[in-house]
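Read off the chains here:
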Amino acid sequence: MADITRGWDALTGRNPLVSFLDACLRGVAQVVLQNNPLTGLLILAAIGWGAFENGKPQVLGGAVLGLVVGTATALALRVEHSSWRKGLFGFSPVLTGIAVPTFLDDRPLTWLYLVLGAAGTTVVTLALNAVFKRWALTAYTFPFVLTTWVLLMAAYQFDRFHVMTQLTPKFPGEGTLTGAAVDWGLVPTFLRGVSQVFLTDSWISGLIIVVALLVNSRWSALFAVVGSVGATLLALWFGADGASLDKGLFGFNAVLTAIVVGAVAHRPGVLATGYTLFGIALTLFVQMAMTTMLTPLGIPVLTGPFNVATWLLLLPDRHFAPVPNHEQVKDTVISAARRAV
Amino acid sequence: MADITRGWDALTGRNPLVSFLDACLRGVAQVVLQNNPLTGLLILAAIGWGAFENGKPQVLGGAVLGLVVGTATALALRVEHSSWRKGLFGFSPVLTGIAVPTFLDDRPLTWLYLVLGAAGTTVVTLALNAVFKRWALTAYTFPFVLTTWVLLMAAYQFDRFHVMTQLTPKFPGEGTLTGAAVDWGLVPTFLRGVSQVFLTDSWISGLIIVVALLVNSRWSALFAVVGSVGATLLALWFGADGASLDKGLFGFNAVLTAIVVGAVAHRPGVLATGYTLFGIALTLFVQMAMTTMLTPLGIPVLTGPFNVATWLLLLPDRHFAPVPNHEQVKDTVISAARRAV
Amino acid sequence: MADITRGWDALTGRNPLVSFLDACLRGVAQVVLQNNPLTGLLILAAIGWGAFENGKPQVLGGAVLGLVVGTATALALRVEHSSWRKGLFGFSPVLTGIAVPTFLDDRPLTWLYLVLGAAGTTVVTLALNAVFKRWALTAYTFPFVLTTWVLLMAAYQFDRFHVMTQLTPKFPGEGTLTGAAVDWGLVPTFLRGVSQVFLTDSWISGLIIVVALLVNSRWSALFAVVGSVGATLLALWFGADGASLDKGLFGFNAVLTAIVVGAVAHRPGVLATGYTLFGIALTLFVQMAMTTMLTPLGIPVLTGPFNVATWLLLLPDRHFAPVPNHEQVKDTVISAARRAV
């Protein structure tokens, strides 16, 4: 394994195409805050599995196209090279690339829209990171969220697109919530909570992503599962909509919050774990509030709640057992922000 | 009186429980930007009076619980101690504690929601102050506003809560405005404008709060009344809804703006008074605009308009007769921000 | 011509009234980022032409009143004098002054509302510039946008105003889009795209504004036309609403983005032109998204999309052939921001 890693690293140093491929794969992994091309490759497989399972193979194509366009745009805009190599300009465009074929109908113009959207995601990444670095933070996946919201809301105004978010614009409180129960059926729900980070509804994809996390960081894998389980159970207890719960839609934002707050921004410990559990609840409540906010517009919350909750949790800068020299953390988005201050 | 004060101060130095009680009482007073435990105690009495008068005694319980949880959370997160002692971590949670039993139905889960919300308010206070200190400002009561909006909007998505804001989500411009007249009935309306700072609809509570202000700062008491009278009369002139006007709902945001801009951030004077009168009008217009913005979501503006208007008024940093060594001001949220820069 | 210019400059130095008039005229020109009183005078003529052509002469009165009140308020608040002389406190209030009689019914109270709004626009300009200077940016016309949104949304809550934006609050996706065709009728549409920068629906006004730009900067005139043509054709291709397209409503935001990104913030060149074309598309998509966002509130996007898109495009700070000593640029809002850092 170590030999393969060394060989790959040598290859990326020599061959610009392999270097580009490496940056792309790391970009996929950076969605869940890992800097590891193998993790990225496994997650790409998980996305592909989910795409075919749900009868939407074009989603895999969108993911790859978004990733390549976003990463290449960053190169063209001459961004800081070491951040680029770590995949920090790939993780938002890959999500934009998944979102466009998921939420818009399949026609040639959609693919042009996706290319413009992925390039735009990179510009927005540069713009928002310039804003957030004043507080030693980064924009995380918010460039994806903002760009995709713009693409979806703009699509309502264009005759040539058909928005398929299955969310009819209406007032909050209208419509009925279906119930849900505590039984063994929740186990695949927890895994779908992980796969929904990549807008994918498949427990097998979720399982592959957990394995992909394990390859790079046990703590991240653990906190991902804790995030999904915690938020889903809390949503169940408070009586959230059963149909959405079943698809894992109340888990994925908390998965990301739990990885960042529990495993990446702080060294795992008792206080940090307590803060992470609080953060999981905060993420769920913020998600529910954003769902209400976006109900009249008929667009999904995406990973917006993760971003908002994590900013709120990290801005106080409480230093629960700060990270000293933590291997799997050193090269993520967090350390990049800290360095930039 | 001076003896009592000295005795109390000595007691807070010796007894951690009295010190905690002192920080809580100052927290209540800091909602109206006063650093004085007696002011806080009187206001707590006013909240209690209004709660019983309106047949909702649980509102007083919510106020106390929110105050204690928020202040204790700040202690657990090891915030800067001198700010903590001045009550700067109590004023938003006490309002969250009032808002939850006011706007949600009374059931056990509501109280858990309140506890999480009060703790969250403290986290949000730390987060937003970290943002605002870049401009020598603080977040004032906006942590309460943001947290309460999240709690109310999230409640729409939970089967186990019933939102009782009496604001059905609808489009702005729908529904009819009732008229109002200029007569002696406006005097209790002006006082209700003061009590609504604490989400309380009672002219007697308003009167107690004016007395509580007088105990610490005559200028603050004066500008509080000017804010309520000015904004209410302006709303009346422009033909705002009579039913809301009667409850004091067009006064409370301007009360806070007038205290900050007229009595705390600037030394009282002609120019500052002119700017304050303009600020009262600005606050009313911002409030009406926010009312329209939130109409499709069916949530109240709370003290959001005060926060927005005051940021807009203080960001230009115009220095009308700046505060030199102004006793009642020295220890509020404003000076803390100025010091932090 | 040079003699006249020299004579005028000498006059502004001697006579405070001429100096005020000069600052006002430059203020009108600064809407399109030019620092030239003759450009401002021609644009004022264009606004007047459009006002009379559309049977709303009071719009010209509103423009002048807003301009004078906003510029005078800045003087009263003792803003930095060299910025004031360049018209940097006139360009937002003149737009607020046009918007109020355009969107509200004509009655005495409307004019008081306009005066308060224009003064408020200057306060908001100072406030937002204090925020944006942390990123070497300015708020551009966003103070106008924010203030006018507040005035329109507040008007819904006042019985004495009647909002006439012709946008009934509804859900996005409701209503039908009318088609449009590519023919010679697009030429006046392109010019109306320029005139709509000043909320004016008249191709003759658009033509006068292009001439006014030519007087000061050929590049600005060129990019203004490119912006209007580009965004209108893109909107047509994607199937945007034909009725709005015909009025030039898909052009005006891109006109401003193209001037800033193509002619002012960067030295014109191949890379900068490519980035500008991308920026035109971004502006259109942001405009469509904001149209959806504001649909339930029934208010227009104004120049909000230009502001948002331009911030996103300039925050990455990519330095395509940076401006060295570029005459027509030196004294605009951009260089003021750069200097302020």
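See the structure above.
The rules behind the values
- Residues numbered from 1 in each chain as written.
- Chains lettered and ligands numbered in written order.
- Predicted model: local features only at pLDDT ≥ 70, side-chain atom pairs only at ≥ 80, totals over all residues.
- Heavy atoms only, no water.
- Helix = DSSP H or I, 4+ residues; strand = E, 2+ residues; numbered from the N terminus.
- Rg over C-alpha atoms; globule rule 2.2 N^0.38 Å.
- Areas by Shrake-Rupley, 256 points an atom, 1.4 Å probe, with all protein chains shown as cover.
- Lys, Arg positive; Asp, Glu negative; His and termini not counted.
- Charge placed at Lys NZ, Arg CZ, Asp CG, Glu CD.
- Least-squares fit on C-alpha atoms with pLDDT ≥ 70 in both.
- Contact = heavy atoms within 4.5 Å.
- Buried area = accessible area lost by both parts, 1.4 Å probe.
- Salt bridge = Lys/Arg side-chain N within 4 Å of Asp/Glu carboxyl O.
- Polar contact = N/O pair within 3.5 Å; in protein donor to acceptor, adjacent residues only side chain to side chain.
- Patch = residues over 30% accessible without salt bridge, like charges linked within 9 Å, V, L, I, M, F, W, Y side chains within 5 Å.
- Axes fitted to C-alpha atoms, helices over the stretch in contact; angles between N-to-C directions.
- Parallel < 35°, antiparallel > 145°, perpendicular 65-115°, else oblique.
- Left-handed = near helix turned anticlockwise from the far one by under 90°.
- Nonpolar A, V, L, I, M, F, W, Y, C, P; charged D, E, K, R; others polar.
- Buried < 20%, exposed > 50% of the residue type's maximum accessible area, 1.4 Å probe, protein only.
- Expected span 1.5 Å × (residues − 1).
- Arc of directions from axis to C-beta.
- Phe/Tyr/Trp six-rings, centres within 6.5 Å; stacked < 30°, edge-to-face > 60°.

**Details of the overall build of chain A**
Here is step 1 of the chain: Along the backbone of chain A there are 16 helices and zero strands.
Here is step 2 of the chain: Its C-alpha atoms give chain A a radius of gyration of 19 Å, within 12% of the compact-globule value 20 Å for 341 residues.
Here is step 3 of the chain: Projected onto its principal axes, the C-alpha positions of chain A cover 55 × 50 × 40 Å.
Here is step 4 of the chain: When the accessible surface of chain A is totalled, it reaches about 12400 Å², and 66% of it is carbon and sulfur.
Here is step 5 of the chain: Computing the positive centroid from 20 side-chain charges and the negative centroid from 16, chain A places the two 10 Å apart.

**What about the relation of the copies chain C and chain A?**
Here is step 1 of the chain: Superposition of chain C onto chain A requires a rotation of 120° combined with a translation of 0.0 Å along the rotation axis, giving an RMSD of 0.0 Å. Taken together, the turn and the small shift mark the pair as related by a three-fold rotation axis. In terms of C-alpha distance to the rotation axis, chain C has proline 296 of chain C as its closest residue, with the C-alpha 4.2 Å off the axis.
Here is step 2 of the chain: Of the interface residues in chain C, just 13% have counterparts in chain A that sit at the interface too, so the contact is made through distinct surfaces.

**So, the interface of chain B and chain C**
Here is step 1 of the chain: Taken together, the contact pairs 30 residues of chain B with 31 residues of chain C.
Here is step 2 of the chain: In total, about 2800 Å² of surface goes out of reach between chain B and chain C, with carbon and sulfur atoms giving 78% of it.
Here is step 3 of the chain: On the chain B side of the contact with chain C, Trp135, Phe171 and Phe238 of chain B bury the most area, a combined 23% of that side's loss.
Here is step 4 of the chain: Put simply, chain B and chain C have zero salt bridges between them.
Here is step 5 of the chain: Along the contact surface separating chain B from chain C lie eight residue pairs in polar contact (both at pLDDT 80 or more).
Here is step 6 of the chain: Elements with a contribution of two residues or more to the side of chain B that touches chain C: α14 (270-294) and α15 (304-314) of chain B.

**Side note on a nonpolar patch on the surface**
Residue and element names in this part refer to chain A.
Here is step 1 of the chain: A contiguous nonpolar surface patch, about 290 Å² in accessible area, is contributed by Leu38, Leu41, Val211 and Val215.
Here is step 2 of the chain: Going through the elements one at a time, α3 (37-53) and α10 (203-216) are the ones with two or more residues in the nonpolar patch.
Here is step 3 of the chain: Turning to its location among the elements, leucine 38 is positioned in helix α3.

**Looking at the interface of chain C and chain A**
Here is step 1 of the chain: Facing the 30 residues of chain C at the interface are 31 residues of chain A.
Here is step 2 of the chain: With both sides pooled, the region where chain C packs onto chain A buries about 2900 Å², and carbon together with sulfur makes up 78% of that total.
Here is step 3 of the chain: The largest per-residue losses of area from chain C upon contact with chain A belong to Trp135, Phe171 and Phe238 of chain C, which jointly make up 23% of the total buried on that side.
Here is step 4 of the chain: Inspection of the chain C/chain A interface yields zero salt bridges.
Here is step 5 of the chain: The interface formed by chain C and chain A holds nine residue pairs in polar contact (both at pLDDT 80 or more) in total.

**Details of the relation of the copies chain B and chain C**
Here is step 1 of the chain: Its rotation angle being 120°, the transformation that places chain B on chain C also includes 0.0 Å of axial translation and leaves an RMSD of 0.0 Å.
Here is step 2 of the chain: The overlap is low: 13% of the interface residues of chain B also sit at the interface in chain C, so different surfaces are used on the two sides.

**Quick word on the packing of helix α11 (residues 218-237) of chain B against helix α13 (residues 252-264) of chain B**
Residue and element names in this part refer to chain B.
Here is step 1 of the chain: Where α11 meets α13, the axes come as close as 7 Å, and the angle between the chain directions of the two elements is 135°. When the axes of α11 and α13 are compared, the pair comes out oblique. For α11 against α13, the interelement crossing comes out right-handed. Contacts between α11 and α13 involve Trp219, Ser220, Phe223, Ala224, Gly227, Ser228 and Ala231 on the former and, on the latter, Ala254, Val255, Ala258, Ile259, Gly262 and Ala263.
Here is step 2 of the chain: Considering only residue class, the contact of α11 with α13 consists of nine nonpolar, four polar and no charged.

**Overview of helix α15 (residues 304-314) of chain C**
Here is step 1 of the chain: Burial analysis of α15 of chain C places ten of its eleven residues in the buried class, which makes it a mostly covered element.
Here is step 2 of the chain: Those residues of α15 of chain C lying buried are Gly304, Pro305, Phe306, Asn307, Ala309, Thr310, Trp311, Leu312, Leu313 and Leu314 of chain C.

**Description of the pattern of salt bridges**
Here is step 1 of the chain: Under the defined criterion, the tally for this structure stands at 18 salt bridges over all chains.
Here is step 2 of the chain: Among the ionic pairs, arginine 192 of chain A bridges to aspartate 201 of chain A, the shortest N-O distance being 3.8 Å.
Here is step 3 of the chain: Arginine 192 of chain A gets classed as buried once you look at its relative accessible area, which sits at 14%.
Here is step 4 of the chain: Its relative accessible area of 28% is what places aspartate 201 of chain A among the partly exposed residues.
Here is step 5 of the chain: Of the charged contacts in the structure, one is a salt bridge between arginine 26 of chain B and aspartate 22 of chain B, with a shortest N-O distance of 2.7 Å. Of this pair, arginine 26 of chain B and aspartate 22 of chain B are both found in helix α2 (residues 16-30), four residues apart, which corresponds to roughly one turn of the helix. For the pair formed by arginine 26 of chain B and aspartate 22 of chain B, the shared burial category is buried.
Here is step 6 of the chain: Residues joined in a network through salt bridges with shared partners are Asp9, Asp22 and Arg26 of chain A.

**Quick word on helix α10 (residues 203-216) of chain B**
All names here are of chain B.
Here is step 1 of the chain: With 14 residues, α10 extends 21 Å from end C-alpha to end C-alpha; this agrees with the ideal 20 Å at 1.5 Å per step.
Here is step 2 of the chain: Buried within α10 are the following residues: Ser205, Gly206, Ile209, Val210, Ala212 and Leu213. Each buried residue of α10 sits inside an arc of 160° when the element is viewed along its axis, so together they form one side.
Here is step 3 of the chain: Considering only its buried residues, α10 is in contact with α3 (37-53), α9 (186-195), α11 and α13.

**Here's the deal with the side chain of glutamine 287 of chain C**
Residues and elements named next belong to chain C.
Here is step 1 of the chain: Along the chain, glutamine 287 falls in helix α14 (residues 270-294).
Here is step 2 of the chain: Residue class for glutamine 287 comes out buried when judged on its relative accessible area of 4%.
Here is step 3 of the chain: Those residues in contact with glutamine 287, other than ones at most four positions away along the chain, are Leu249, Phe250, Phe252, Asn253, Val301 and Pro305.

**Here's the deal with unusual backbone geometry**
Here is step 1 of the chain: With a phi close to 60°, glutamine 166 of chain B is a non-glycine residue in the positive phi region.
Here is step 2 of the chain: Topologically, glutamine 166 of chain B is positioned in the loop between α8 (142-155) and α9.
Here is step 3 of the chain: Exposure remark for glutamine 166 of chain B: the relative accessible area of 75% places this residue in the exposed category.
Here is step 4 of the chain: A positive phi angle is found at leucine 199 of chain C, which is not glycine, with a value near 55°.

**Describing the side chain of threonine 96 of chain C**
Here is step 1 of the chain: With respect to the helices and strands, threonine 96 of chain C occurs in helix α6 (residues 91-103).
Here is step 2 of the chain: When sequence neighbours within four positions are dropped, the list of residues in contact with threonine 96 of chain C reads Gly117, Ala118, Thr121, Phe144, Thr148 and Leu151 of chain C.

**As for the packing of aromatic side chains**
Here is step 1 of the chain: The tally for this structure, following the rule as stated, stands at 51 aromatic pairs over all chains.
Here is step 2 of the chain: Measuring from ring centre to ring centre gives 4.5 Å for tyrosine 113 of chain C and phenylalanine 161 of chain C, while their planes differ by 35°; the resulting arrangement is tilted. With tyrosine 113 of chain C in helix α7 (residues 108-132) and phenylalanine 161 of chain C in the loop between α8 (142-155) and α9 (186-195), this residue pair connects regions lying 48 residues apart in the sequence. When sorted by exposure, tyrosine 113 of chain C lands in the same class as phenylalanine 161 of chain C, which is buried.
Here is step 3 of the chain: Taken together, the ring pairs in this structure connect Tyr113, Phe158 and Phe161 of chain A together with Trp237, Phe238 and Phe285 of chain C into an aromatic cluster.

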